[in-house]
Amino acid sequence: MSQPIVAGCDVGSIWAKAVIFDGKEILASAVIPSSPFPAKTAEKVLEKAANKAGVSMGDIEYVVGTGYGRVNVPNAKKTVSEIACHAKGAAWSCSDVATLIDVGGQDCKVISLASDGHGRVMDFSMNDKCAAGTGRFLEVMAGVFELPIEEFGERALKAERILGISSQCTVFAESEVVCLIAQGHEIEQIIAGICDAVAARVSVLVPRVGLREKVYMSGGVAKNIGVRQALQRRLRVTIWELTEDPLIIGALGAAVLAMDALRQQQ
Amino acid sequence: MSDYKGFQFKTYDFSKQLDTHIDLIDLLHNTIGADLKKRPENVRWLFEPVQQYLDELAALRENPDKLVYRHFTFAPEIVYAMDCISYVPEALTFMMPTEYLCALVDEGREMDVPDHFCGFLGGVTAPLLTGRLPKPKAILHCNQPCDNSVAWGSVLAESFPDTEMFILDNPYGDDEEGVRFAAEQLREGFNYLERMTGKRLDLDRFREVMAKSAEAYRLMYEINEYKKAIPCPIPTSSILRPISVAFYALTGTEGLVGWLEKHLADTKERYEKGTGGWREEKMRVVWNLSWPIFDYGVYDWMEETFGAIAVAYHSAEPFYQPPDIDYGKASYEELLRALALRNNNHAMGRQGRGHFMTFVNDTLKWCREFSADGAIFAGHWQCQANWAAAQITKEKLMEELGIPMLIMTVDQLDPRVVSAEQMVSRLEPFLEMLAEKKGIKP
């Protein structure tokens, strides 16, 4: 008898992600930019992942939606918060996750996981209505330098010193960065300051749940080596890398939960 | 895990040009009246305190000499003891339709008032400054529970430059000295009210008011004993507004005692039948600080999706035991002391003054007594004093009771600060976590 196939779909503010899963392995994943039409975006990303997995949408027996656009995921039998999904996905990827720092496009969360390796959430904290400390902040800053966001982290590592960005608001920080450029500071040093500013905003959430090792990172910003290193410096811990792409962890968790739900249903 | 696909929170049309120069009491009467008509007749009694308070305010048109402005954390007993009517301007915002509230907040901000006033204070600033609210005979203000309400005193002063204001300095300590400190000021407060209103304090009336206040607290404690049962016979969410109006505005009145007697009888009956709220109780939370007055649907969503019942609301629970004295024969000094004790423990005033451990311990007490599975700290964005206690409360709850606390920001009245959907985005993972911990399938 063939394995049932399920999917998780995470519609975020910048990227939409989908994972096709058979309970044992990830058959395929897909990531596309989010659009103002979350239902269409979800449909597209699910189709793309299904195509990559070589299955049809009809073959998918259970879909769980997550992310800010979760209620718009077509055919989703269930919606689950990003926090629960990131915890499940991270624990599936690495069973020793104790603290997960998820920095997404529009928010950041610090999640404390139970030590049983099942991705059970013990506590969490989230940022409040502020773009600083999120992927969007980095995007805005990358726009100032006309740099691709993918290069941002690497450029930060080349800095000999980190310039302080004192503004805690994206809009004011942008003006501050423009001033620093005008003053002739090295771009790398400014970028390192920006990465550090994000790390500063994220790191204040950590004591609210308590830091327990091992610490991992998920979400798009986990790919930014500049932010990752700044966080390590501020938290004085090693931040480990998940075995899966950090961007798809929410969708992966949704898929894991979809499989759980399907099994319970059966 | 949850799904709020089918759940519709309120939507607002802020593009409408509302006439905010209307009579606010009429507006509230009509709004609350229309709302009551939609509810089943057998539960309408629940909303009597709101009606009673609005009727009192409406009666001021015939008796303008009885009009005393009172800050919301100043115990209303002092006003009732003087046979006056307590008008809490900021309480109007509490009962207002959201579109009006937001229009009034915006109007206030156009008048160069500080933009850090929350919806509660900001919503009534413009009507005050433009003379749309009646002129009081006296104004009782106080220095708690937040910087904004202190600053708001200047709006009152500017609005009524000819009316001398009495400002109570709430004591820091909870000891006998703190009670004496407050009692001495309340003595001055009575002198002030006599001077401003031309009335004399009738000791028998003061006795009667304090006796009714103590009786209200006794009844509330008794109701709470029943509410501890599982399932909770009457979830707090369904009576948040009336219970708040009751304890912020009506203590010391016969109307409140009568309502609490009905409330007790109903709770007792439901308890004896084992009847819970409108939905099945699977878990229970203690709700701290502010709740979404603009959309009670948040509670419906919690109950419907997770069976999560708010069993106690931190800021409208009884916090003290009235002194055990013979109110019928009590001396002026004894009554002053009783009023001081009551005032020091007024909801929000108690949490806004003194050491933050009061707030922490109150939360621990309610969570322990109500066997809560979790607590929700819905911190009003401008209640700075309480925010100082947020993290320590969370840690103490985990340490002593092993239960988690969600910390989130709200404005009780203005959904433009934090919407119902944004609240749900915080509540959902928290309730998922509680459900998983309890092995509940939402």
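Residues numbered from 1 in each chain as written. Chains lettered and ligands numbered in written order. Predicted model: local features only at pLDDT ≥ 70, side-chain atom pairs only at ≥ 80, totals over all residues.

In the annotation of an unreviewed UniProt entry, the entry for chain B reads 2-hydroxyacyl-CoA dehydratase, and the organism field reads Candidatus Desulfacyla euxinica. What UniProt states about chain B under its Sequence similarities (unreviewed entry) heading is, verbatim, "Belongs to the FldB/FldC dehydratase alpha/beta subunit family." (UniProt positions renumbered as here; feature names shortened; annotations may be inferred.)

Under an unreviewed UniProt entry, the name given to chain A is 2-hydroxyglutaryl-CoA dehydratase, and the source organism is Candidatus Desulfacyla euxinica. According to UniProt, the comment filed for chain A under the heading Cofactor (unreviewed entry) is "[4Fe-4S] cluster".

Looking only at helices and strands, chain A has nine helices and ten strands in total. Expected size for 266 residues packed as a compact globule is a radius of gyration near 18 Å; at 19 Å, chain A falls within 12% of this value. In terms of overall dimensions, chain A has a C-alpha envelope of 65 × 35 × 30 Å along the principal axes. Relative to its 266 residues, chain A shows a buried fraction of 52%. (Helix = DSSP H or I, 4+ residues; strand = E, 2+ residues; numbered from the N terminus. Rg over C-alpha atoms; globule rule 2.2 N^0.38 Å. Buried ≥ 20, exposed ≤ 12 C-beta atoms within 10 Å, placed from the backbone.)

Next up on the list: the overall build of chain B. From N to C terminus, chain B includes 18 helices and eight strands. Relative to its length of 442 residues, chain B is compact, with a C-alpha radius of gyration of 21 Å against a globular reference of 22 Å. Projected onto its principal axes, the C-alpha coordinates of chain B cover approximately 65 × 55 × 45 Å. Counting only residues that meet the buried cut, chain B has 54% of its 442 residues in that class. Taking the intrachain contacts of chain B between residues at least 6 apart in sequence as the baseline, contacts between residues at least 24 apart amount to 81%. (Contact = placed C-beta atoms within 7 Å.)

Helix packing for two helices is described by the angle between their axes and how far apart those axes are. All names here are of chain A. Two elements in contact, helix α4 (residues 149-157) and helix α6 (residues 187-203), have axes separated by 8 Å at closest approach and are oriented at 110°. Compared by their axis directions, α4 and α6 come out roughly perpendicular. Across the interface between the two elements, Phe 152, Gly 153, Arg 155 and Ala 156 of α4 pack against Ile 187, Glu 188, Ile 191, Ala 192 and Cys 195 of α6. Split by residue class, the contact of α4 with α6 holds six nonpolar, one polar and two charged. (Axes fitted to C-alpha atoms, helices over the stretch in contact; angles between N-to-C directions. Parallel < 35°, antiparallel > 145°, perpendicular 65-115°, else oblique. Nonpolar A, V, L, I, M, F, W, Y, C, P; charged D, E, K, R; others polar.)

Turning next to the interface of chain A and chain B. Between chain A and chain B, the residue contacts involve 15 residues of the former and 14 residues of the latter. Breaking the side of chain A that touches chain B down by element, the ones donating at least two residues are β5 (78-79), α2 (82-93) and β8 (121-126) of chain A. Residue contributions to the side of chain A that touches chain B peak at four residues, all from β8 of chain A. Residue classes in the side of chain A that touches chain B are distributed as eight nonpolar, two polar and five charged.

Residues and elements named next belong to chain B. With 22 residues, helix α9 (residues 176-197) extends 31 Å between its outermost C-alpha atoms, agreeing within 8% with the 32 Å of an ideal straight helix rising 1.5 Å per residue. Along α9, the positions that sit buried rather than exposed are Val 179, Ala 182, Ala 183, Gln 185, Leu 186, Gly 189, Leu 193 and Met 196. At its buried positions, α9 is contacted by β1 (67-70), α3 (77-81), β3 (138-142), β4 (165-168) and α14 (332-344). Phi for Gly 198, located one or two positions after α9, is positive at around 75°. (Expected span 1.5 Å × (residues − 1).)

All names here are of chain A. Sheet architecture is open: five strands sit in the order β3-β2-β1-β4-β5, paired in mixed fashion. Pairing within the sheet leaves two strands with one partner each, and these edge strands are β3 (26-33) and β5. Of the strand pairs in this sheet, strand β1 (residues 5-11) and strand β4 (residues 60-66) are connected by six bridges, and their pairing is parallel. Each bridged residue has a counterpart across the sheet, and for Ile 5 the counterpart in β4 is Ile 60. Seen against the sheet, helix α9 (residues 249-265) touches β1, β2 (15-21), β3, β4 and β5 and runs at an angle of roughly 140° to β1. (Pairing = 2+ DSSP bridges.)

Before going further, it helps to examine the sheet that holds strand β7 (residues 108-113) of chain A. Hydrogen bonds between backbone groups are what pair the strands of a sheet, and the pairing can be parallel or antiparallel. Residues and elements named next belong to chain A. Across the sheet, five strands lie side by side as β8-β7-β6-β9-β10; this open sheet has mixed pairing. Across the chains shown, the open sheet's two edge strands, defined by having one partner strand only, are β8 and β10 (239-240). Of the pairings in the sheet, the one linking strand β9 (residues 215-218) to β10 comprises two bridges and is parallel in character. Looking at the pairing, Val 215 lines up with Ile 239 of β10.

With that settled, consider the domain arrangement of chain A. All names here are of chain A. In terms of domain boundaries, chain A breaks down into domain 1 (5-84 + 247-265) and domain 2 (96-241). Facing ten residues of domain 1, the contacting portion of domain 2 comprises 13 residues. Mapped by element, the contributors of at least two residues to the side of domain 1 that touches domain 2 are α2 and α9. Looking at the side of domain 1 that touches domain 2, its residues break down into seven nonpolar, three polar and no charged. (Domains from an automatic or database assignment.)

Right, let's get into the nonpolar core. All names here are of chain A. Of all hydrophobic cores here, the largest spans 230 residues; its most connected members are Ala 7, Cys 9, Val 19 and Ala 255. Two domains each provide a minimum of three residues to this core, namely domain 1 (5-84 + 247-265) and domain 2 (96-241). Discounting chain neighbours no more than four positions away, the residues touching Val 19 are Ala 7, Gly 8, Ile 26, Ser 29, Ala 49, Ile 248, Ala 251, Leu 252 and Ala 255. (Core = buried A, V, L, I, M, F, W, Y, C linked by C-beta atoms within 7 Å.)

Attention now goes to helix α5 (residues 98-109) of chain B. Residue and element names in this part refer to chain B. In a regular helix each residue adds 1.5 Å, so twelve residues correspond to 16 Å; α5 covers 16 Å between its end C-alpha atoms and thus fits that length. Among the residues of α5, Tyr 100, Leu 101, Cys 102, Ala 103, Leu 104, Val 105, Glu 107 and Gly 108 are the ones counted as buried. Structurally, α5 contributes buried residues whose contacts are with α1 (24-38), α4 (89-95), α6 (119-122) and α7 (125-129).

Time to look at unusual backbone geometry. With an omega dihedral of 5°, the bond running from Glu 213 of chain A to Lys 214 of chain A counts as a cis peptide bond. Examined against the element boundaries, Lys 214 of chain A turns out to sit in the loop between α7 (206-209) and β9. Put simply, Ile 230 of chain B and Pro 231 of chain B share a cis peptide bond, and its omega is 0°. Positive phi, normally seen in glycine, also occurs at Met 348 of chain B, with a value near 75°. Tracing the backbone shows Met 348 of chain B in the loop between α14 and α15 (349-352). The residue Ser 371 of chain B is not glycine, and still its phi comes out positive at about 50°. Structurally, the position occupied by Ser 371 of chain B is in the loop between α16 (357-369) and β7 (374-380). Accessibility expressed as a C-beta count within 10 Å gives 15 for Ser 371 of chain B, which makes it partly exposed.

With that out of the way, let us pick up the pairing of β1 of chain B. Residues and elements named next belong to chain B. The alternating pattern of β1 places Leu 67 and Tyr 69 on one face and Val 68 and Arg 70 on the opposite face, and all of these are buried. Of the pairings in the sheet, the one linking β1 to strand β2 (residues 85-87) comprises three bridges and is parallel in character. The partner of Leu 67 across the bridge, within β2, is Ile 85. As defined by bridge partners, β1 adjoins β3 across three bridges and the pair is classed as parallel. The residue bridging Val 68 from the neighbouring strand is Ala 138, located in β3.

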